[in-house]
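Topology and contacts: notes
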Amino acid sequence: KLYSRYILLQLCFLTAAQIPGSSLLTDCPPLGLETLKIDDFQLHASSMRHYGLGPHRGRLNIQGGLYEDDLYDGGWCAGRNDPLQWFEVDARRLMKFTGVVTQGRSSLWSSDWVSSYKVLLSNDSHSWVTLKNGSRDLIFSANREKEIPVLNLFPKPVVARYIRINPRSWYSSGSICMRVEIMGCPMPDPNNYYRRRNEVTTTDNLDFRHHSYKEMRQLMKVVNEMCPNITRIYNIGKSYNGQKLYAIEISDNPGEHELGEPEFRYTAGSHGNEVLGRELLLLLMQFMCQEYLSGNTRIRRLVHETRIHLLPSINPDGYEKACKAGSELSGWSLGRWSQDGLDIHHNFPDLNSVLWEAEAQKWVPRKFHNHHVPIPDWYRSTNATVAVETRALVSWMEKIPFVLGGNLQGGELVVTFPFDRTRSVTALREATPTLNDIFYQLTNSPITVKGQSCQCISQHKDTSDSHVVEHVVFVFVQVHRGIKGVVRDVQGKGIANAIIAVDGINHDIRTASDGDYWRLLNPGEYRVMVRAEGFSVSSKVCAVGYDIGASSCDFVLGRSNLSRIREIMQKFNKQPISMRQRLRQRRLLDT
């Protein structure tokens, strides 16, 4: 997942409930606590229970860890439960504040939320003014449970630099804990030192905004019309509500698999309310088209040497549902699942356990392959609990020989890679190493820095700063890392489904229909063995360098003796006699 949540309000802001006596509907967007536009050092508090529950964690929709006292916990919690506690945001410039959105603490084990609060404002952080309802302090009703966001709009906009939330009551069996977003518009202030830091300017032609399903489809059509020679739009199936799952292909020969050219896929939006990945892929297809036309050498080389597939919205039904509410008020669950209530991201067959069971029975590799693990029959049955979107994705992956793929999600900073489950059923956390350490290289890419917030994404609204798209491009450049080649017979014909095994790595791959293959590997020397039914085994040492670009390692396989005998026998309408049958016949003759 990518570290960031999303702002649907720019496209379809919810008509929020008004404060009694107020006719104002907010037209100001969120400041950016949720999206990290507001930095950690802009958040302060009167106290905190421990560092993992400090003010830097008081961001709307932030998620907690599996355990209590986690280093990255699910909200800000005060060190004491009394009416003197506060949570403060420094906007670093004058703002027109219009409202506050609050949630309780995200936790699997605790129930903590604030049920009412006051709002205080200041221009210098020393003198504070409380929002009034006439002559009395205005007390806002807040949360009744920990997950559903509650928006409170002010009776009228208030101009200040600092804003404080002062909890007045909280859940009786819990503590003072909050996740917060502030609604506000920047005020003109040309002398403000931080003006350039907070305001977004753009000089490129990328269409950076949130797109409805219809607008997404139209944008893909525009890209295709701009670059008809390198793009193709197609769909892999339909959603539960009948919306087509559109993908765009970017290649110098769209519609064809070219011999020796690896295929890469990017998908996004499996959780419909996580839209950053969707918009990144729409930006990426625009970026690649424009850069290709402008003669960008790196992009032109990628297009000529790679077949790229971008599917920006796996769950368009969920997106439409979340869009109607807006992210700040929909919580983490609305629109997350498919229309029929399935979590597409966790709806794929568990092939990990199938392989591990085969290993435990010592069936691998003679009776059971360590790759291309077959999908269970029950999963393919019509009455299986499988989303139509998931079935479409599985079918797509089986048709195209993808070498590498990435799925972009929104939420906390989490990188998942193949075989990321725990072998022990009861274990929540357990070391389960990936079978190929190439994935560790990918997780250390600039867009997935482990152990800290990915600050590059905090600037993702600024389309003039193209480093976000550059980081997305970085991952699919890695499809050209390792070895590649073609496995042929002595007549030069490609051999499909030949098995490529690398010594020391317990995960093999297979050749595509034309006999070509790609094996992701880190720099080094590897003993590679190739085998195919009816052919003799062949092996050689293949070297991988440090420069981007896979090393060529081709193989030519001769027919095996047994295969030749079978061909001769079949030619003369005779069945070959196995060695075991011959030995049995000799014993009978001897007796």
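Quantities reported herein were computed from a predicted structural model and do not represent experimental measurements. (Residues numbered from 1 in each chain as written. Predicted model: local features only at pLDDT ≥ 70, side-chain atom pairs only at ≥ 80, totals over all residues. Heavy atoms only, no water.)

Turning our eyes to something else, we now look at the side chain of Asn 347. Turning to its location among the elements, Asn 347 is positioned in the loop between α7 (327-330) and α8 (351-360). A relative accessible area of 9% places Asn 347 in the buried class. A polar contact of 3.2 Å, which involves the side chain of Asn 347, links it to the backbone oxygen of Thr 385. Contact partners of Asn 347, with chain neighbours within four places excluded, come to Leu 342, Tyr 379, Thr 385, Val 386, Ala 387 and Thr 390. (Helix = DSSP H or I, 4+ residues; strand = E, 2+ residues; numbered from the N terminus. Buried < 20%, exposed > 50% of the residue type's maximum accessible area, 1.4 Å probe, protein only. Polar contact = N/O pair within 3.5 Å; in protein donor to acceptor, adjacent residues only side chain to side chain. Contact = heavy atoms within 4.5 Å.)

With that settled, the discussion passes to the sheet that holds strand β22 (residues 524-531). Strand order in the open sheet made by the four strands is β20-β19-β22-β23, with antiparallel pairing throughout. The open sheet has two edge strands with one neighbour each: β20 (509-510) and β23 (538-544). Note that strand β19 (residues 499-502) and β22 share four bridges and pair antiparallel. Its bridge partner lying in β22, Ile 500 is registered against Val 530. (Pairing = 2+ DSSP bridges.)

Glycine aside, the phi torsion of most residues is negative, and most peptide linkages are trans. Cis rather than trans, the peptide bond between Val 364 and Pro 365 has omega equal to 5°. Examined against the element boundaries, Pro 365 turns out to sit in the loop between α8 and α9 (377-380). Here Arg 92, not a glycine, exhibits a phi torsion of approximately 65°, which is positive. Here Arg 92 shows up in strand β4 (residues 87-103).

Applying the stated rule across the entire model yields four disulfides. Each sulfur in the disulfide pair Cys 227 and Cys 289 lies 1.9 Å from the other. When the S-S torsion is 90°, as for the bridge of Cys 227 with Cys 289, the disulfide is right-handed. Residue Cys 227 is located in the loop between α3 (213-226) and β12 (231-238), and its partner Cys 289 is located in helix α4 (residues 276-293); the two are separated by 62 residues in the primary sequence. We note that Cys 227, like Cys 289, is buried. Cys 542 shares a disulfide with Cys 553; S-S distance 1.8 Å. Classification of the bridge connecting Cys 542 and Cys 553 rests on its S-S torsion, roughly -45°, and on that basis the disulfide is left-handed. Taken together, the residues span a long stretch of sequence, with Cys 542 in strand β23 and Cys 553 in the loop between β24 (551-552) and β25 (555-557) at a distance of 11 residues. One exposure class covers both Cys 542 and Cys 553, and it is buried. (Disulfide = S-S within 2.5 Å.)

Aromatic rings in a pair are described by how distant their centres are and how their planes are angled relative to each other. Evaluation of the coordinates by the stated rule reveals nine aromatic pairs. A centroid spacing of 4.2 Å and a plane angle of 15° characterise the contact between Trp 113 and Tyr 171, whose relative ring orientation is stacked. Remark: Tyr 171 occurs in the loop between β10 (150-170) and β11 (177-186) and Trp 113 occurs in the loop between β4 and β5 (114-122); sequence separation between them is 58 residues. Accessibility expressed as a relative area gives 11% for Trp 113, which makes it buried. Between Trp 128 and Tyr 162, the aromatic rings sit 6.4 Å apart at their centres with planes inclined by 65°, giving edge-to-face as the arrangement. (Phe/Tyr/Trp six-rings, centres within 6.5 Å; stacked < 30°, edge-to-face > 60°.)

This next bit is on the packing of α4 against helix α5 (residues 297-305). It is the contact of α4 with α5, at a shortest axis distance of 8 Å, that shows an interaxial angle of 110°. With respect to each other, α4 and α5 are oriented roughly perpendicular. Contact residues: α4 offers Phe 287, Met 288, Glu 291 and Tyr 292, while α5 offers Ile 299, Arg 300, Val 303 and His 304. (Axes fitted to C-alpha atoms, helices over the stretch in contact; angles between N-to-C directions. Parallel < 35°, antiparallel > 145°, perpendicular 65-115°, else oblique.)

Core analysis: the biggest nonpolar cluster contains 41 residues, and Ile 250, Tyr 266, Leu 284, Met 285, Met 288, Leu 310 and Phe 476 have the highest contact counts within it. The set of elements that each furnish at least two residues to this core consists of α3, β13 (244-250), β14 (263-268), α4, α5, β15 (307-311), β16 (402-408) and α12 (467-477). Of the residues forming this core, the biggest block, 11 residues, is contributed by α4. Residues contacting Met 285, with those up to four places away along its chain left out, are Leu 219, Met 220, Val 223, Ile 248, Ile 250, Leu 310 and Pro 312. Counting residues in hydrophobic clusters, the runner-up holds 29 residues, among them Leu 43, Leu 131, Val 158 and Ile 182. (Core = buried A, V, L, I, M, F, W, Y, C linked by side-chain atoms within 4.5 Å.)

Further remarks concern the pairing of strand β18 (residues 483-489). Along β18, five of the seven residues are buried, which leaves the element largely enclosed by surrounding structure. The pairing of β18 with strand β21 (residues 516-519) spans four bridges and is classified as antiparallel. Within β21, the position partnered with Lys 484 by the bridge is Trp 518. Note: β18 against β24, two bridges, orientation parallel. Residue pairing in the sheet places Ile 483 in a bridge with Ser 551 of β24. Here β18 pairs with β25 via three bridges, running parallel. Each residue of the ladder has a partner; that of Arg 488, found in β25, is Val 556.

Here helix α10 (residues 388-399) spans 17 Å end to end across 12 residues, near enough to the 16 Å set by a 1.5 Å rise per residue. All of the buried residues along α10 are Glu 389, Thr 390, Ala 392, Leu 393, Val 394 and Trp 396. (Expected span 1.5 Å × (residues − 1).)

Here we come to a nonpolar patch on the surface. A contiguous nonpolar patch, built from Met 48, Tyr 51, Leu 71 and Tyr 72 and spanning about 410 Å² of accessible area, is present on the exposed surface. Among the structural elements, Tyr 72 can be located in the loop between β2 (43-45) and β3 (76-77). (Patch = residues over 30% accessible without salt bridge, like charges linked within 9 Å, V, L, I, M, F, W, Y side chains within 5 Å. Areas by Shrake-Rupley, 256 points an atom, 1.4 Å probe, with all protein chains shown as cover. Salt bridge = Lys/Arg side-chain N within 4 Å of Asp/Glu carboxyl O.)

Quick look at the pattern of salt bridges now. Working definition: two side chains of opposite charge can pair if their charged atoms are close together. Applying the stated criterion across every chain yields a total of 17 salt bridges. Residue Arg 232 pairs with Glu 249 through a salt bridge whose shortest N-O separation is 2.9 Å. Placement of the pair is Arg 232 in strand β12 and Glu 249 in strand β13, with a sequence separation of 17 residues. For the salt bridge of Glu 249 with Arg 307, the shortest nitrogen-to-oxygen distance reads 2.8 Å. Here Glu 249 is found in strand β13, whereas its partner Arg 307 is found in strand β15, with 58 residues between them in sequence.

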